[in-house]
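# Structure assessment
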Amino acid sequence: MATKKKNNTIKLNFDTVRNYAPALESKSAATIKPQYDLFINGKFEKPLSKKYFSTINPSNEEKLSEVAEANTADVNRAVKAARSAYEKVWKKMAAKERAKYIFRIARIIQEKARELSIIETLDGGKPIRESRDFDIPAAANHFFYYAGWADKLEYAFPNRNANPLGVAGQIIPWNFPLLMAAWKIAPALATGNTVVLKSAETTPLTALKLAEIIQEADLPAGVVNIITGGGETGAALVNHTDINKIAFTGSTEVGKIIQKATAGTNKKLTLELGGKAANIIFEDAALDEAVEGVINGIYFNQGQVCCAGSRLYIQESVAKEVIKKLKDRLESLIVGDPLDKNTDVGAINSRQQLETIQKYLKIGQQEGAEKYESSCALPQKGFWCRPTLFTNVAQSNRIAQEEIFGPVLAILTFRTDDEIIEKANNSPYGLSAGVWTDKGSKIFNMTKRLKAGVVWANTFNKFDPTAPFGGYKESGYGREGGLHGLMPYVNLSNK
Amino acid sequence: MISSIEMGTNIDFSHSPRIDQVGLEERAARFTKRSIKKETKLNGLLLTLNMIDLTTLEGKDSEGKVKQLCYKAQHLHDAYPGLPNVAAICVYPSMIKIVQKALKGSGINIASVATGFPSGQVPKSLKISETKFAVAEGATEVDMVISRGKFLEGEYNYVFDEIAAIKNACGSARLKVILETGELGNMDKVRRASDIAMYAGADFIKTSTGKIQPAATMPVTLVMLEAIRDYYYKTGRMVGMKPAGGISKSKLALYYLVMLKETLGDAWMNNHWFRFGASSLANDVLLQIVKEKTGTYQSGNYFSLD
Amino acid sequence: MSKTISVKNKSNSQRLEVLKTYKIYIGGQFPRTESGRFYTPLDATGKKLANVCLSSRKDFRDAVVVARNACSSWGNRAAFNRSQILYRMAEMLEGRKLQFIDELMQQGSSKIKAKEEVALSIDRLIYYSGWCDKYQQLFSSVNPVASSHFNFSVPEPTGVVSIIAPQSSSLLGLVSVIAPVIAGGNTCIVLSSETKPLCAITFAEVINSSDVPAGVVNILTGKVAELAPWFVAHMDVNATIYCEADKAMQKMFKEKSAMNVKRIFFYDKIDWTKEKGQSPYFIFDTQEIKTTWHPIEPIGASGGGY
């Protein structure tokens, strides 16, 4: 029964929501080799470092495979292959032929979508529903979108010629492994650059699967090289002298190190860094949709999203109601085995990330904020965090200012329009923001004044290959996606 | 504690919460991503059968047709004993006596439409007397239609008062209020009509007569479930939900149950609080139940139509 | 102050010439440097040009505060209005041509070159005046996303921009870097040419009489080596432009810019006298692309009345 407690606090009962019979995606639809080498010059090559490291399933800590750890010599080899492919093949190839290779990659990703989804979920801990319905199709779509640009660049930049930069070194994060690879590789190839991409340490597998796809697509050797490793491998790539472009997605902390490291070089740089998005609910908003947007904004991919709506601002007149709805909604989120098709919230990507999140949960409580978490049971093994929200949060609290990168929502309240703009922009970050109101003119006022690269009005966490994405301020610079996503990969010259 | 009606008379329903349709549809679509398997599926199918208001509302309804339907209601598929009964038989007022006789002792509810179904274009006095007639004939549930014309004119007080009057005329019979959402134009209006109906005393709110397209859809049902949730939060009174028309496949019915469960929770997961207004759904559910039990895909030829 | 400058008798005129005190320009006012320091740049023949303010990091700090305060109203005012103001600047410059030619000649330019530079500077302002309400259309896009959303991307000003102006092109270079930055709705703090600072301060007078709101353009004079690190390190500056090819300086800029992920631009290969010295792509450099999403209610798109 729905329970009616004293003080008129009426709560719904979702006790059995989590009792859907298991609906596990079958692992047998995916092939993971016990060991992967580096993808250099069209072939899988043993690492000169002779070192390998394990990649595990964060939902149960079981080893999935081991992958090569590229050292400086390996990076050299990869850059050399990319340089040679750039000079001898890719630069000279007719743009329309280049396009067809990229289309081919897109198609093969679609053909292998199921396998890629399973591996993405195994390696990263994200729910299979998200890998299947978002990550993998979005990755394929990104290749499709940019493939078409390859022979149309003259229309992209009026009165300018768009020239490729050369070799692009690209470093991607672990939260959307294949999708971020697509975001990086697709525009680079379309604009005529060659690529050395380093995947994230904890999620290397789908990038290596992409390497197999690239091989299958007969892309000329060396045009895309995919290497694996940790921070040192990334540093070797950033510091390589024969690279023309660095594209990095990851933490603001590392982004700053890279920006500093490229000083004194001619490397073109784009950064897509952290965020602490304000998600703002006005009293006239469609509240039930707003609540869904908040849930999607902070619990999508366990909150491990740079543009996550991690600061929720609710207008005081509806704050109680919205918080009540959020708390009830938290109870109907299914947390558990990422391979289960009914799972809404999966595993945290790594032990390290889990520890970071737990640190902030402690900080939040020490700061006097009120913690509320889902009552769900958590699996014994693996890295898990209950969907959590904090109420009574102050603007000055660390949990309201710092990026947590986990399923932790900080809830604050506000009274007036001017107040909320000030509070929302009161952050070193500026990646994304959300606004919920039924009033059109207010939406445009807010979206104009919010200092953020992506503003979601009456929606949240939407992505599309055609829509430019990227930040203001310390959230980075350069855009990925859309027409504007071409700019970071070209030099413009006068016609 | 003031009554719902007293509260309702003080509410300006033109300020009912707004709905963003795109967000709503996204949310509704999410329920269809649930993978309902094994015992959850079987339980869901059995529950679906138990929630059906088996309906015939035709000008050509006859004693013979209604009797057959009543028999079917109690013997859904005798090849498989132990299946639950449907929740109710839903007919025109002239058929109530026949149904009452045919269902005697079955525990199945007798629902009658009233108030000038399906258009509702008769005077209020006739609506009240038709309701009284239906209850007197033996209807335990009354499915009324709201005055959509008045509603669209913005005469919310009129609509409110009319529902309250019908509720009064129902006595102990439970009142289902049909909004005929397909005529209301948009989701904001569906929400508004839901609020009016609940505050005026509805025991159930129901999407459609089945005579107008579109009838029940998942998004429109979700709007109404959310209205029920908000009403429950505010008043503590539970209100039932009945999507009607357009739900003929068991897979879709299961998604409705997922939506119900994840929007209102376990308390609503029974036929006291949720009904499917459908005629052909029962047989598809039976096909699926037999498939689940035998592992063999079934043919409609082996299941009686009504 | 001016008393300390040696008296120059250009002609046979018996009248003692009134000399100008070159002060800096912050927040629409002409204060002296808070440091009280000055330096004395020389012309090509070794003659003193003037005693010029040797601005300090505190002057820069003060300028950033006023530039930040001016940001919102300048960036949010109608593009057409910004266009009018830049045009007004051109008009004012045109009216004071002779003074600039005179100063350029004092700084070592030939008369022909000086005339040419002033004319080009005026034309450049006109050029960017015209872009004020057009670059948005050039650099924005409506993005055909695959979901039911209206999606568009527009350029918006980065914010506060610090600029080390070209050292050799004291007027044209200065105008060429200021104009695209303010045309795009940013505010700026500019360090003038160290050796040829006269035109910069006189240009400030042009700005001051052109309806440019206080704080939008702030001009300092002083030593590049001393001030550059502060220009790029300030955490409330969003972008920095450096126009020389000094590799060590460029490295320093890039390193310090990392402190707040500042946008850095080196305009070190630009011949400001050529067509290449002006382009909407200069405006684009200090713009951020903002992408906005909003649902599109699918009226009539998905079959019927909802």
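Residues numbered from 1 in each chain as written. Chains lettered and ligands numbered in written order. Predicted model: local features only at pLDDT ≥ 70, side-chain atom pairs only at ≥ 80, totals over all residues. Heavy atoms only, no water.

To continue, consider the overall build of chain B. Looking only at helices and strands, one finds 12 helices and 8 strands in chain B. For chain B, the C-alpha radius of gyration of 19 Å lies close to 19 Å, the compact-globule estimate for 306 residues. C-alpha atoms of chain B, sized along the principal axes, occupy 55 × 45 × 35 Å. In chain B, which comprises 306 residues, the proportion classed as buried is 59%. Expressed as a percentage of contacts within chain B between residues at least 6 apart in sequence, the contacts between residues at least 24 apart total 77%. On chain B, roughly 11400 Å² of surface is accessible, and the fraction owed to carbon and sulfur atoms is 51%. Of the charged side chains in chain B, 38 are positive and 31 negative, and the gap between their average positions amounts to 5 Å. (Helix = DSSP H or I, 4+ residues; strand = E, 2+ residues; numbered from the N terminus. Rg over C-alpha atoms; globule rule 2.2 N^0.38 Å. Buried < 20%, exposed > 50% of the residue type's maximum accessible area, 1.4 Å probe, protein only. Contact = heavy atoms within 4.5 Å. Areas by Shrake-Rupley, 256 points an atom, 1.4 Å probe, with all protein chains shown as cover. Lys, Arg positive; Asp, Glu negative; His and termini not counted. Charge placed at Lys NZ, Arg CZ, Asp CG, Glu CD.)

A word on helix H1 (residues 72-90) of chain A. All buried positions along H1(A) are accounted for by Asp74(A), Val75(A), Ala78(A), Val79(A), Ala81(A), Ala82(A), Arg83(A), Ala85(A), Tyr86(A) and Trp90(A). One side-chain oxygen at the N-terminal end of H1(A) lies 3.0 Å from the backbone nitrogen of Ala73(A); it belongs to Asn71(A). (Polar contact = N/O pair within 3.5 Å; in protein donor to acceptor, adjacent residues only side chain to side chain.)

Our next topic: the interface of chain C and chain A. Often the size quoted for an interface is simply the accessible area lost on bringing the parts together. Counting residues at the interface gives 39 residues for chain C and 45 residues for chain A. When chain C packs against chain A, close to 3400 Å² is buried across both sides, 58% of that on carbon and sulfur atoms. Sorting the residues of chain C by area buried against chain A places Val261(C), Tyr281(C) and Trp293(C) first, and these three jointly supply 21% of that buried surface. Between the two partners, chain C and chain A, sit 1 salt bridge. The closest approach of N and O atoms between Glu288(C) and Arg479(A), which form a salt bridge, is 3.6 Å. Secondary-structure elements contributing two or more residues to the side of chain C that touches chain A are helix H5 (135-139), strand E4 (149-157), helix H9 (247-257), helix H10 (280-285) and strand E10 (287-295) of chain C. Broken down by element, the residue count for the side of chain C that touches chain A peaks at 8 residues, all from E10(C). When grouped by side-chain class, the residues that make up the side of chain C that touches chain A number 16 nonpolar, 14 polar and 9 charged. Pairing analysis gives 3 bridges linking strand E21 (residues 454-457) of chain A to E10(C), with the strands arranged parallel. The residue bridging Val455(A) from the neighbouring strand is Thr292(C), located in E10(C). (Buried area = accessible area lost by both parts, 1.4 Å probe. Salt bridge = Lys/Arg side-chain N within 4 Å of Asp/Glu carboxyl O. Nonpolar A, V, L, I, M, F, W, Y, C, P; charged D, E, K, R; others polar. Pairing = 2+ DSSP bridges.)

Moving on, we get to the interface of chain B and chain A. Between chain B and chain A, the contact holds 35 residues from the first and 38 residues from the second. Carbon and sulfur atoms supply 48% of the area buried between chain B and chain A, which totals about 3100 Å² over both sides. Sorting the residues of chain B by area buried against chain A places Arg34(B), Tyr232(B) and Tyr233(B) first, and these three jointly supply 21% of that buried surface. Where chain B meets chain A, there are 8 salt bridges. Summed over the shared surface of chain B and chain A, the result is 14 residue pairs in polar contact (both at pLDDT 80 or more). Listed by contribution, the elements that provide at least two residues to the side of chain B that touches chain A are helix H2 (21-31), helix H3 (38-51), helix H10 (218-235) and helix H11 (250-264) of chain B. Residue contributions to the side of chain B that touches chain A peak at 7 residues, all from H10(B).

Of all hydrophobic cores here, the largest spans 166 residues; its most connected members are Leu210(A), Phe203(C) and Ile219(C). Among the elements that take part in this core, helix H5 (residues 177-190) of chain A stands out by supplying 11 residues, more than any other. Residues Val91(B), Ala200(B), Tyr232(B) and Val258(B) belong to the second largest nonpolar core, which totals 102 residues. (Core = buried A, V, L, I, M, F, W, Y, C linked by side-chain atoms within 4.5 Å.)

Take the packing of aromatic side chains next. We describe a pair of aromatic rings using the distance from one ring centre to the other and the angle between the two ring planes. Under the definition given, this model contains 35 aromatic pairs over all chains. Where Phe151(B) meets Tyr156(B), the ring centres are 5.3 Å apart and the plane angle is 55 degrees; that geometry is what we call tilted. Overall, Tyr156(B) belongs to the buried group, its relative accessible area being 13%. Note that Lys245(A) overlies the ring of Tyr489(A), its terminal NZ or CZ placed 4.8 Å from the centroid. Looking at Lys150(B), its charged tip hangs above the ring of Tyr158(B), at a distance of 5.0 Å from the centre. (Phe/Tyr/Trp six-rings, centres within 6.5 Å; stacked < 30°, edge-to-face > 60°. Lys NZ or Arg CZ within 6 Å of the ring centre and 35° of its normal.)

Residues and elements named next belong to chain B. Taken in spatial order, the 8 strands make up an open sheet running E7-E6-E5-E4-E3-E2-E1-E8, and their pairing is parallel. The sheet is open, and its two borders are formed by strand E7 (240-242) and strand E8 (276-278), each paired with just one other strand. Across the sheet, the axes of successive neighbouring strands diverge by a mean angle of 25 degrees, strand direction being ignored. Two elements, strand E1 (residues 52-55) and E8, share 3 bridges in a ladder whose sense is parallel. (Axes fitted to C-alpha atoms, helices over the stretch in contact; angles between N-to-C directions.)

All right, on to the pattern of salt bridges then. Evaluated as defined, the whole model comprises 75 salt bridges over all chains. Between Arg83(A) and Asp242(A) there is a salt bridge, with its nearest N and O atoms 2.9 Å apart. Of this pair, Arg83(A) sits in helix H1 while Asp242(A) sits in the loop between helix H7 (231-239) and strand E12 (245-249), and the two are 159 residues apart along the sequence. The exposure class assigned to Asp242(A) is partly exposed, which follows from its relative accessible area of 30%. Note that Asp344(A) is salt-bridged to Arg34(B), the shortest N-O span being 2.7 Å. Here the residue Asp344(A) occupies a position in the loop between helix H10 (316-331) and helix H11 (351-366), and Arg34(B) occupies one in the loop between H2 and H3, the pair thus bridging two chains. A single network of salt bridges, built from pairs that share partners, joins Asp288(A), Lys325(A), Arg191(B), Asp195(B), Glu226(B), Arg229(B) and Asp230(B).

A few words now on the state of the cysteines. What we call a disulfide is simply a covalent bond connecting the sulfur atoms of a pair of cysteines. Residues and elements named next belong to chain C. Counted under the stated rule, the structure contains 0 disulfides over all chains. Cys-199 provides the cysteine sulfur closest to Cys-53, a residue in no disulfide bond, and the two sulfurs are 16 Å apart. Owing to a relative accessible area of 7%, Cys-53 belongs among the buried residues under this scheme. No disulfide involves Cys-188; its nearest neighbouring cysteine sulfur is the one of Cys-71, lying 10 Å away. Judged by relative accessible area, which is 0%, Cys-188 ranks as buried. (Disulfide = S-S within 2.5 Å.)

Here we take up the sheet that holds strand E5 (residues 160-164) of chain C. All names here are of chain C. The sheet built from 5 strands is open, its strands ordered E7-E6-E5-E8-E9 with parallel pairing. Each of the sheet's edge strands pairs with one partner strand only, and the pair in question is strand E7 (217-220) and strand E9 (263-266). Pairs of neighbouring strands in the sheet enclose a mean axial angle of 15 degrees, with direction left out of account. Across 5 bridges, the pairing between E5 and strand E6 (residues 187-191) is parallel. From the neighbouring strand, Val-161 faces E6, where its bridge partner is Cys-188.

Turning our attention to the packing of helix H3 (residues 97-106) of chain C against helix H4 (residues 111-131) of chain C. Residue and element names in this part refer to chain C. Axis separation between H3 and H4 bottoms out at 9 Å; the angle between their running directions is 130 degrees. In this view, H3 runs oblique relative to H4, as classed from their interaxial angle. In this structure, the crossing between H3 and H4 has a hand that is right-handed. Residues Lys-97, Phe-100, Ile-101, Leu-104 and Met-105 of H3 lie in contact with H4, whose contacting residues are Lys-111, Ala-114, Lys-115, Glu-117, Val-118 and Ile-122. A breakdown of the residues in the contact of H3 with H4 according to their chemical character gives 7 nonpolar, no polar and 4 charged. (Parallel < 35°, antiparallel > 145°, perpendicular 65-115°, else oblique. Left-handed = near helix turned anticlockwise from the far one by under 90°.)

Attention shifts here to a nonpolar patch on the surface. Residues Val142(C), Phe150(C) and Ile296(C) make up a contiguous nonpolar surface patch of about 280 Å² in total accessible area. A relative accessible area of 57% places Val142(C) in the exposed class. (Patch = residues over 30% accessible without salt bridge, like charges linked within 9 Å, V, L, I, M, F, W, Y side chains within 5 Å.)

As a further point, take unusual backbone geometry. Of note, the amide linkage connecting Phe117(B) to Pro118(B) takes the cis form, showing an omega dihedral of 0 degrees. For Pro118(B), the location among the structural elements is in the loop between strand E3 (109-113) and helix H6 (124-137). With omega at -5 degrees, the peptide bond leading from Gln213(B) into Pro214(B) counts as cis. As for its placement among the helices and strands, Pro214(B) is situated in the loop between strand E6 (204-206) and H10. The phi torsion at Lys473(A) lies on the positive side, around 50 degrees, for a residue other than glycine. Following the sequence through the fold, Lys473(A) ends up in strand E22 (residues 472-473). By relative accessible area, Lys473(A) is classed as partly exposed at 22%.

Looking at chain C as a whole, the pLDDT averages 93, with 93% of positions reaching at least 70. Predicted confidence for residues 1-7 of chain C stays below pLDDT 50, and this span has 10 contacts to residues more than four positions away or in other chains. (pLDDT = per-residue confidence, 0-100.)

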